[in-house]
Amino acid sequence: VLYEQDGVFIHPSCGKNDDQDNFISGVLRVIEKENEVIVDWRPQDDTLDTSNILCAGKDSSSVVEWTPAPKEKSSRGADRPNNYEAEWDMVTTVSFKKKPHSNGDASNHTNGESTWSFLFSLTDLKSIKQNKEGMGWSYLVFCLKDDVKLPALHFHHGDSKLFIKCLENHVVLRESPQDKLILLVNSQNKSLSQSFENLLDEPSYGLLQKWKKDPYTVTMGRFSKVTNYIFDSFRLSDPSTQRRPPSEMADFLNDAIPGLKINQQEEPGFEVITRIDLGKQPEVSRREPVSLEEWAKNMDSEGRILDVDYIKQLIFKGGLCHTLRKEAWKFLLGYFPWNSTKEERANLQKRKTDEYFRMKLQWKSVSEEQEKRNSRLRDYRSLIEKDVNRTDRTNKFYEGEDNPGLILLHDILMTYCMYDFDLGYVQGMSDLLSPVLYVMENEVDAFWCFVSYMDQMHQNFEEQMQGMKTQLIQLSTLLRLLDSGFCSYLESQDSGYLYFCFRWLLIRFKREFSFQDILRLWEVMWTELPCQNFHLLLCCAILESEKQQIMDKHYGFNEILKHINELSMKIDVEYILCKAEAISMQMMNCKELPQAVSEILGIESSSVTPDSDTGEDESGAVLSCPTSLYQSISTPVIAANGTRESPPQTSEVQNLAPA
C-alpha cells in the first residue's frame, strides 16, 4: 500500500441540498500489485484483500465494479445542474461487470454501498479533474482511457494534494492546455521489470524532466532502450508540432549533466590532440581460463599467493574457471589481502561475519512506526524492492518470485545502506551485486565483496555524478586519439557526447553481456591490467567494431542511439577483450602519446621527445602500473601454456623482453 486515506466520500445524490446521511464514506488506496500500480476506493466497511486485487489490462472496464441502483436512475431529470456530478451521469446507464480473472474475485458484495466500489490501473488512467480551491471539499474525478468517468471522490478529512503527489511518483501529470483544472496523465513504464521490453508513449516533458532529475533511473529504465521513441519524446505536447532538430536534443542532453563538456581540447588549459598515427593494432590472442591446479601451484603451504603479478596476468589473459571464482574473486576485489595466509583469512571472515550481522540487525529491528518516521530508510527499501523484483531471472539462482537468492539480494542491499547511509541505495547497485552473490553463494562473503566493488564504483552513484562526467570526458579523449574521423562523424550527428555509453560505464557493461560473459569480463577488469581505466578501452573496442556500419549507413542521432542499445546481449566478450588489449598495446607503443591519454591510462610520458638528439630510445612513453606490472610490450601475448614472462625492469622499450 503506497497511499491510504479514509474519509474520502462519494455523494450519490447530485442535488443542491445533499443529504449528508446519504454520503458514502470510504477508503482510497494506491496499491502496488504484481508490477501494476492500482487506485482502489471502497466503502469504509469493506475489507481489502490485496492478494485478490485484479490487475487491470488495456480493458479498464474489467475492473470497474459499479452498477447504479434503479432508484438512482429514475431520480435524474433534465434540469439537473451542470456540474461535476453531471459528468458521471453520462455513464450511469451503463452497467460494468468484472470479467472472469484467473486470480479469482473478492467476495461478492450485496449491500448498496459496495456497488460503488471501483479500482483501476494507472496505465488505464487518462485524466483527473479537480475542483477550484476554496470551493468546499476538494474532489477528484477520474477519466479512464476508454472515456469511462468514475464517481467524484470528496476528501472530507483533508485535501487531495498528498494523493496527487503519490500518483506523481508513478505517472507524469500536466495541466491540460484547455482547462487548468484537468490533469492529463502520461504513463511511465508499467514496471521496472518490463522496462527493457516495453516502451510506452510519453511526451517530451516527462522523459526530459525525469532525466534531469534522476538520470540513473531514466538510464536504467526507458533511456536504456532508445528507438524512434527518443525523437518522438522531444516533440512538443501538440501532436502537430514538428520534431525539434537533433542539435537542440544534443544541447538538452549536455545540460542534463551540468559541467560535462566533451570537447575540452579547445578550452584553455587542455591539451590539443591532433591526429596521430598509432600504427597497426597488434594481433592478440587469449588463453584458457586459470585452472584449480594452476592456482594451487602458486600458493605456499600456509596459503599465501607466491607471485601476485603472474596470477593476475593469467587471469587477465584467460579469466578463471568457474569453480575457482568463489575464492579468487575475494582476492581480486580486495576482500582478502593477496599476502594473507589461510588462517588469517579465516579470522578475517569471522570478524566480518559478526560485523555484517550487527549491521543487518540494525535495519531488521526497525519497527514499521520507526520506518514511517525515517523517510530515507523507507525510500531505500522501496527502491531496493523494485530493483530486486526486476533482477535478471535467466539465471536459475534468481528464478521464481520467492527465490532465496532474491531475498538475499534484498537483505545485502539493505545492510549496505546501514554500512554507507550517506550514499544509501541508488538504482543500478543491484546489477553490481547479483553476479557477486551468484558466485559467492554466501551472504556475508557476497556483502564484503560488494563493499569492495562499491569502493571502486561509488563515484558513479554520487549525486553530483562526478565519476560519470570524468569517464565520459576520458572516453571521448581516448576515442579521439584512436579515430578522430569517427569522433568527428559522431559530432556531426550530435552524438559526440557519447551518452549512449552511459549505461556501459554506470554498471560496467552488466546489461550488455550475458550473465556468464559478465563474470569473465569483470574478473579480467579487476586485475587492473594492462593499464588504468581498461574499461574505457573496452568501450572504444565496441565503438570501433561498430564504426563501419554506423558511418557506411549514414546513421543519424536517432539511429546511432538505437543501434548501440540494440547491441545488448549480442557482443562477443572474447573478441572485445582481444580488441581492447590490442588498442592498449597500440597506444602504449605510440611515440607521441598525448599527456592527457598518458594520464588516463596510467602511463608516464618520457621527457625525451622524438626530435631530441640524445641516444635514448625513440619511444616516448613507458608504462607505470602502480598495482601490477604488465607483460612485455613487444610480446603482447602470454603463451597458451601459461609460461610466465618476467615484468619489465627498465624504462627502455628495447630492453622489454621475456626472461
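A short tour of the structure in this document, coming up. (Residues numbered from 1 in each chain as written. Predicted model: local features only at pLDDT ≥ 70, side-chain atom pairs only at ≥ 80, totals over all residues. Heavy atoms only, no water.)

Focus on the overall build of the protein
Next up, step 1: Per the secondary structure count, the protein includes 24 helices and eleven strands.
Next up, step 2: The 659 residues of the protein split such that 53% are buried.
Next up, step 3: Summarising the internal contacts of the protein: among those between residues at least 6 apart in sequence, 68% fall at separations of at least 24. (Helix = DSSP H or I, 4+ residues; strand = E, 2+ residues; numbered from the N terminus. Buried < 20%, exposed > 50% of the residue type's maximum accessible area, 1.4 Å probe, protein only. Contact = heavy atoms within 4.5 Å.)

Here we look at the environment of Asp445
Next up, step 1: Tracing the backbone shows Asp445 in helix 16 (residues 443-457).
Next up, step 2: With 115 residues separating them in the primary sequence, Asp445 and Lys330 have C-alpha atoms 8.0 Å apart.
Next up, step 3: Here Asp445 is in contact with Lys330, Tyr335, Gln349 and Met440, once residues within four sequence places are set aside.
Next up, step 4: Within the structure, the side chain of Asp445 is placed 3.2 Å from the side chain of Gln349, a separation counted as a polar contact. (Polar contact = N/O pair within 3.5 Å; in protein donor to acceptor, adjacent residues only side chain to side chain.)

Quick word on the packing of aromatic side chains
Next up, step 1: This model, assessed by the stated rule, comprises 27 aromatic pairs.
Next up, step 2: Ring centres of Tyr356 and Phe447 lie 4.9 Å apart, and the angle between their planes is 55°; on these two criteria the pair is classed as tilted. On the criterion of sequence distance, the pair formed by Tyr356 in helix 11 (residues 342-364) and Phe447 in helix 16 is long-range, its members being 91 residues apart. In this structure, Tyr356 and Phe447 share a single accessibility class: buried.
Next up, step 3: Following the ring pairs from residue to residue traces out a cluster consisting of Tyr3, Trp41, Phe118, Phe120, Phe142, Phe155 and Phe163. (Phe/Tyr/Trp six-rings, centres within 6.5 Å; stacked < 30°, edge-to-face > 60°.)

Notes on the state of the cysteines
Next up, step 1: Scanning all chains against the criterion turns up zero disulfides.
Next up, step 2: Free of any disulfide, Cys540 has its nearest neighbouring cysteine sulfur in Cys539, separated by 6.9 Å. (Disulfide = S-S within 2.5 Å.)

Some words on helix 13 (residues 375-389)
Next up, step 1: Given a rise of 1.5 Å per residue, 15 residues ought to cover 21 Å, and the 21 Å separating the end C-alpha atoms of helix 13 matches this to within 8%.
Next up, step 2: Packing partners of the buried residues in helix 13 comprise helix 11, helix 12 (368-372), helix 14 (404-419) and helix 15 (429-440). (Expected span 1.5 Å × (residues − 1).)

What to know about the pattern of salt bridges
Next up, step 1: Counted by the stated rule, this structure contains 25 salt bridges.
Next up, step 2: With a shortest N-O distance of 2.7 Å, Arg42 and Asp40 are connected by a salt bridge. You'll find Arg42 and Asp40 in the same group, each marked buried.
Next up, step 3: In this structure, the salt-bridge partner of Lys547 is Asp483, at a minimum N-O distance of 2.6 Å. Of this pair, Lys547 sits in helix 21 (residues 534-552) while Asp483 sits in the loop between helix 17 (466-482) and helix 18 (484-492), placing them 64 residues apart in sequence.
Next up, step 4: Given a relative accessible area of 16%, Asp483 falls into the buried group.
Next up, step 5: A single salt-bridge network, built from bridges that share partners, covers Arg286, Arg325, Arg520, Glu523 and Glu574. (Salt bridge = Lys/Arg side-chain N within 4 Å of Asp/Glu carboxyl O.)

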